[in-house]
Amino acid sequence: MESYIVFGLVLLVVVIGATLALVAPRFRKPPTLPPAQKPTAPPVKQAPPAPTKQAPPVPTKLPPKKQVPPVVEAPPPVVEAPPPVVEVPPPVETPEPTAGRLVRLRARLSRSQNVFGKGLLALLSRDKLDDDTWDEIEETLIGADVGVAATTEIVGKLRERARVHGTATASDLRDMLADELVAALAPEMDRGLAATQRDGRPAVLLVVGVNGAGKTTTCGKIARVLVADGHTVVMGAADTFRAAASEQLATWGSRVGAEVVRGPEGADPASVAFDAVKRGIEAGVDTVLIDTAGRLQNKVGLMDELGKVKRVVEKHGPVDETLLILDATTGQNGLEQARVFTEVVDVTGVVLTKLDGTAKGGIVIAVQRKLGIPVKLVGLGEGPDDLAPFDARQFVDALIGTDA
Ligand SMILES: Nc1nc2c(ncn2[C@@H]2O[C@H](COP(=O)(O)OP(=O)(O)OP(=O)(O)O)[C@@H](O)[C@H]2O)c(=O)[nH]1
C-alpha cells in the first residue's frame, strides 16, 4: 500500500513538473537583450533599394507626359535684322561761279579794311600832310604786313604825286593810294591756273604747304573752283601722313563729283600721286590735283619727300603748276616757311588763306615781292566757295572802298 502511495506521489510530482514545464515559459519575462540587439534596430541591412530588380522594360506605350523629349536646342530669339544700310552718296553740288567771288566776299576783309579804308584814308584826309602824317602812313602800312621795302616805295611815290598835284583832295589821294597799292601788287602777273589738258594729258597741279595752313581744305576748294570753271578733276590724297586728310579730301571730292585717289594710311605719297595722275589720264580729265603732306621738320625731309613726289609724278609728264598754300595770319613768319618751299619745288603760284582772319591784308604785297610769285587765289572764309581768284584791282578796291 505504501508503495502505491509513494508511486502515486511520484507520479503526481512528475505530472506537476511536466505541467509546469509546459506552462512556465508563457509567463517568463522575455529576455532583455543588449541594446544593440534590440529588435527595434534591425540590422541596418540596407533596405533593398527599391525594386532593384531590373525595372521591367518601359512599356513602349508610356503616357506621353512621361516621355522625356529629346533636348532640342532652343532657337535663338528672332532679332529683327536692321534694314540694310544703303550709302547714299551726297548730291553733287554746283559750286558758285568764280567770277566776281572777290567782290562778293569783300566784306570778309573787314579787319584789313579798318586799317586801309579807315586808318589810311583818315590820315590822307588831314588838312595838312606833314612829315609826321607821312610817318604815320608808313607805320600803318608796315603794321599791315606790307613790308618795309614795299612801304617805302609806296609812300615815296604817293608823296611825290601829292606834291606834284599840289591841291589834291582826300578823294584824289585815295585814288592815288589805290593806284600805288595796285602797282605794288604787280597786276601784270599771270594769275591763271594751268588746269587744261596738254598733249592729251591732264594738267597736273601739286598743292604744297605746311600743315595748318589750310592745305587740304584749300585743295578741296580749288577742286570746286576748277569744277565751277567747267573742268573735270581727279584728286590725289598724297598727304598720307595725317589719316584724316584723305578722308577730308574724299568728302570734298564727292561733293563736286571729283574722283579722289587714296592710298592706305602711311602709304608712300609718291605712289599715291603717281596713281592719281595715272587715273586722271585713264579717265581723260582736265586736271589732276594732288594734296601733299607738309608736316616735315626740316628742309632735308621736305626736299626728299616733295622731290620724290615730283620725280615720280613726272614719269607721266611734267607738273604744270605747284601751288603754295600760305596762312595769311602767320605774317612775316609764314614768309620764311614759304621761302623753304620755293627752294625745294618750283612754286608757280601762291594761295593765301585766312585773309578774313587778319587785319594784315598787306601780306599779299609782301608775299609777291619777296617770293616773286603771283598770289593766284585768296581764302576768305571756311565756306566751300570762300576761295576767290585774286585780282589786284578788285582786292585794293575791297580794302579801301571805291567811293569817295
Ligand atoms: N577763316 C578761314 N579758315 C580757313 C580758311 N582756309 C582754311 N581754313 C581753316 O583752317 C583749318 C585748317 O584747315 P586744313 O585744311 O585742315 O589745314 P591743314 O592742316 O593745312 O591740312 P593738312 O595739311 O591736311 O593737315 C580748317 O578749320 C579750315 O576750315 C580761310 O580762308 N579762312
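Nothing here was measured: the structure is a model prediction, and the numbers come from that model.

Thresholds, definitions, all that
Residues numbered from 1 in each chain as written. Predicted model: local features only at pLDDT ≥ 70, side-chain atom pairs only at ≥ 80, totals over all residues. Helix = DSSP H or I, 4+ residues; strand = E, 2+ residues; numbered from the N terminus. Buried ≥ 20, exposed ≤ 12 C-beta atoms within 10 Å, placed from the backbone. Contact = placed C-beta atoms within 7 Å. pLDDT = per-residue confidence, 0-100. Near = placed C-beta within 6 Å. Nonpolar A, V, L, I, M, F, W, Y, C, P; charged D, E, K, R; others polar. Pairing = 2+ DSSP bridges. Axes fitted to C-alpha atoms, helices over the stretch in contact; angles between N-to-C directions.

### Some details on the overall build of the protein
The helix and strand inventory of the protein stands at 13 helices and eight strands. Considering the protein as a whole, with its 404 residues, one finds that 37% of them fall into the buried category. A separation threshold of at least 6 residues defines the contact pool for the protein, and within that pool the share at least 24 residues apart is 76%.

### Points about the confidence of the model for the protein
Overall, the predicted model of the protein reaches an average pLDDT of 84, with 78% of residues at or above 70. In the predicted structure, residues 23-62 sits below a pLDDT of 50 and forms two contacts with residues beyond four places in sequence or in another chain.

### Describing unusual backbone geometry
For residues other than glycine, phi is negative in most cases, and the peptide bonds are mostly trans. The phi angle at Ala-186 is positive, at roughly 45 degrees, despite the residue not being glycine. With respect to the helices and strands, Ala-186 occurs in the loop between α6 (170-184) and β1 (203-208). For Ala-186, a count of 15 C-beta atoms within 10 Å puts it in the partly exposed group. At Asp-199, a position not held by glycine, the phi torsion is positive, near 50 degrees. Position of Asp-199 relative to the elements: it lies in the loop between α6 and β1.

### Examining the site of the ligand
Taken together, 21 residues are adjacent to the ligand, and Gly-214, Lys-215, Thr-216, Thr-217 and Gly-379 come closest. Taken together, the residues that form the shell around the ligand break down as three nonpolar, eleven polar and seven charged.

### Quick notes on the sheet that holds strand β3 (residues 259-261)
Each strand in a sheet pairs with another by means of backbone hydrogen bonds, the pair being arranged parallel or else antiparallel. Pairing is mixed in the open sheet, where eight strands are placed in the order β3-β2-β4-β1-β5-β6-β7-β8. A strand with exactly one partner marks an edge of an open sheet, and here the two such strands are β3 and β8 (387-389). Averaged over all pairs of adjacent strands, the angle between strand axes in this sheet comes to 25 degrees, irrespective of strand direction. For strand β6 (residues 349-353) and strand β7 (residues 375-379), the ladder comprises three bridges, and the chain directions are parallel. What sits directly across from Leu-352, in β7, is Val-378. Of the strands in this sheet, β1, β2 (233-238) and β4 (287-292) touch helix α10 (residues 299-313), which is tilted by about 170 degrees from β1.

### A look at the pairing of β1
Along a regular strand, successive side chains alternate from one face of the sheet to the other. Counting buried residues in β1 gives six out of six residues, a clear majority hidden from the surface. The two faces of β1 match: Ala-203, Leu-205 and Val-207 on one face and Val-204, Leu-206 and Val-208 on the other face are all buried. Strand direction decides the pairing type here: β1 and β4, joined by five bridges, are parallel. By the bridge assignment, Val-204 is partnered in β4 with Val-288.

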